[in-house]
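# Coordinate analysis (summary)
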Amino acid sequence: MLASFSAGMLKLYKRPAAWGLLLVALVLSQIFNYLVPYAGYLSADNERAAEQILASTMPEYLISNSIGGFPLFAGALALTLGVLSVGSEYSFGTLKTMLIQRPRRLTFFAGELLVLAVAVLAIVLSIFALGALTSYTIATSLSNSIAWPSLSELARGVASGWLILMTWCLLGAMLAFLFKGMAMPIGLGVVWILGIENLIVNVAAALLDFADTLQVGLPGVNAGSLVSALGGRSDAPGVNTAVDGTQATIVLVAYAVVFVLIASVALQRRDVT
Amino acid sequence: MNSEGVLVETRNLTKRYGSRILAVDRVSLTVRRGEVYGFLGPNGAGKTTCMRMLLGLIRPTSGKATVLGRSPGHPESLVRVGALVESPAFYPYLSGMDNLRVVARYASVPKRRIEEVLRLVGLTHRARDKFATYSLGMKQRLGVAAALLKDPELLILDEPTNGLDPAGMADMRDLIRRLGSGERTVLLSSHLLGEIEQICDRVGIISGGRLIAESTVEKLRGKGALLVGAKPLDHARQSAEQLLGAERVEVLNGTLRLNVDPVTAGRINRELVDAGVEVTELRPVEGTLEEVFLEMTDQKGESHVG
Ligand SMILES: Nc1ncnc2c1ncn2[C@@H]1O[C@H](COP(=O)(O)OP(=O)(O)OP(=O)(O)O)[C@@H](O)[C@H]1O
Ligand SMILES: [Mg+2]
């Protein structure tokens, strides 16, 4: 599996599209967590409102700021990463080239999973690190006192953020194995994350009892609950208080496991042509 | 033949796609150690499908295959097999060199082999360019280079000269012959008869998913034929048919083609003359695999092969 992992790292590391995704995730997180509030601060007409706006960018909110976008936009990017790395094996036809080298199919898959786990961790850490740098800069430029979250809180934040993005990433990987390509999985995955869950939660749940019960089991809803359990503002898009943090964690882990199992069966059972 | 001497063995190997397409139909073939085995068949015959099954990429519908004593696709057999199946597939955003590095890591092959195989296929000077920018022939060469990385005991090449220019084809055939000259075993597919005749020791002819012949090149080529120019043609044909049986007599461009051993030329000449035929020309022709092939695969007249 180490061989498959190191091969997988090489192809991901040298892939411009992967760096592109990281860049987009970083830029979006900076814009919505820091740039927009800062611009609001500059254009606010009374000082108290301005102070309030800017308070959200301070280092003490690093965790909730960093993972606030994970249920939606960063999730969609993570899903794209999963689709990209698996789906392109089919669209380039490279799956057959690599599977006849040596690794068993599941060994190959395990290597890919480990690569994705590392890549997602790198995305999460980069978002945290850049966010820390920006909020530190804002705080010092205003000569505010600086209070960082504790290390254990940070660790929990990173781990939870990783779990959320990893779940979406695995959904992408699973869809790519099922559809043997890229277009459908990206389309379906993104529509699910950005559209369907929203419709279920905001429209169907109010009208139908079963949709109301169903929503607490949705991956996006649980991701949103996990974010609010870590201090995320529940009025932010995709963030909610439907379930508590522990339950959300368990549900997300369960989804991740199911996605991996389905993907494994699809890869193991089907012909590679 | 003991089992050590048999590298690839299939028994009634069958692959069905859906209910209509029978891609490979009860193929039983044997590839022995050290030989260059040619897998010959027209488009859609099932060559690629067979090779995919030998590599464990697709599962047979029924039947059995053994590759280096293991079931197809087993890591223990894959480490000793190098293969290029259908078109070469690599990561377009990586250079040829980096693609080989990825392949080498999956195969657990030391890095220094990469330079060697690049040199073998003549791709060293373009190794640092992106795969996406390669010409068809360069992609093909990279595919063969990847197949050689493991310095494999068994080399499986699916139409390796596909897309190469004439010089490239000659080089590639040369390379394959050299690779197959020692202990190494090569299983090669092609629809180019000349190629198979030049390179291979033994041939399996496949058509419509069925293995219709498996033999040495010499045996398949047969003993040849006699071309007879004669007047009047009709009368000559009737006499020849009486003499040899209708199935051995053909008329080709105004001459008779008799599918008999050319050493019988004297006797046939005498008999025809005795029957009142004027024999204007009598020429032995060496049998070619092409004739056998076209005959066996029922493609007479359509000469897109060769
Ligand atoms: N994935 C598939 N699904 C359905 N049919 C297939 C599939 N792969 C191959 N076939 C069919 O199986 C038959 C054999 O195909 P195969 O690719 O093995 O032929 P081939 O001998 O390699 O031909 P060529 O010389 O053109 O490469 C063809 O009729 C083809 O259409
Ligand atoms: Mg083919």
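Residues numbered from 1 in each chain as written. Chains lettered and ligands numbered in written order. Predicted model: local features only at pLDDT ≥ 70, side-chain atom pairs only at ≥ 80, totals over all residues. Heavy atoms only, no water.

Take helix α2 (residues 16-43) of chain A next. All names here are of chain A. Taking 1.5 Å of rise per residue, the 28 residues of α2 would be expected to cover 40 Å, and the 38 Å separating its terminal C-alpha atoms lies within 8% of that figure. In the structure, α2 departs most strongly from a straight axis at I31, where the bend amounts to approximately 40°. Residues of α2 that are buried: A18, L21, L22, A25, L26, S29, Q30, N33, Y34, P37 and Y41. On the buried face of α2, the contacting elements are α1 (2-13), α3 (47-55), α4 (62-68), α5 (70-91) and α7 (105-141). (Helix = DSSP H or I, 4+ residues; strand = E, 2+ residues; numbered from the N terminus. Expected span 1.5 Å × (residues − 1). Bend = angle between axes of the 7 residues up to and from the residue. Buried < 20%, exposed > 50% of the residue type's maximum accessible area, 1.4 Å probe, protein only. Contact = heavy atoms within 4.5 Å.)

Further remarks concern the sheet that holds strand β11 (residues 225-231) of chain B. Residue and element names in this part refer to chain B. Ordered by their spatial adjacency, 4 strands build an open sheet running β12-β13-β11-β14, and the pairing between neighbours is antiparallel. Two strands lie at the open edges of the sheet, namely β12 (249-252) and β14 (278-285), each paired on one side alone. Each strand axis lies, on average, 25° off the axis of its neighbour in the sheet, ignoring direction. As defined by bridge partners, β11 adjoins β14 across 7 bridges and the pair is classed as antiparallel. Each residue of the ladder has a partner; that of A230, found in β14, is V279. (Pairing = 2+ DSSP bridges. Axes fitted to C-alpha atoms, helices over the stretch in contact; angles between N-to-C directions.)

Annotation of chain B at the domain level lists domain 1 (6-219) and domain 2 (223-286). Its C-alpha centre places domain 1 of chain B at a distance of 43 Å from the equivalent point of domain 2 of chain B. (Domains from an automatic or database assignment.)

Near ligand 1 lie 13 residues; those nearest to it are G44, G46, K47, T48 and T49 of chain B. In this structure, ligand 1 sits where chains A and B come together, each supplying nearby residues. One of the side-chain nitrogen or oxygen atoms of N43 of chain B is found 3.0 Å away from an oxygen atom of ligand 1. Between ligand 1 and A45 of chain B, the relevant distance is 3.1 Å, taken from an oxygen atom to a main-chain nitrogen or oxygen of the residue. Within the complex, the protein chains bury 67% of what would otherwise be the 630 Å² of accessible surface of ligand 1. The set of elements that each furnish at least two residues to the shell around ligand 1 consists of β2 (21-27) and α1 (47-54) of chain B. The greatest single-element share of the shell around ligand 1, amounting to 3 residues, is contributed by α1 of chain B. For the shell around ligand 1, the class distribution of residues is 5 nonpolar, 6 polar and 2 charged. (Near = heavy atom within 4 Å. Polar contact = N/O pair within 3.5 Å; in protein donor to acceptor, adjacent residues only side chain to side chain. Areas by Shrake-Rupley, 256 points an atom, 1.4 Å probe, with all protein chains shown as cover. Nonpolar A, V, L, I, M, F, W, Y, C, P; charged D, E, K, R; others polar.)

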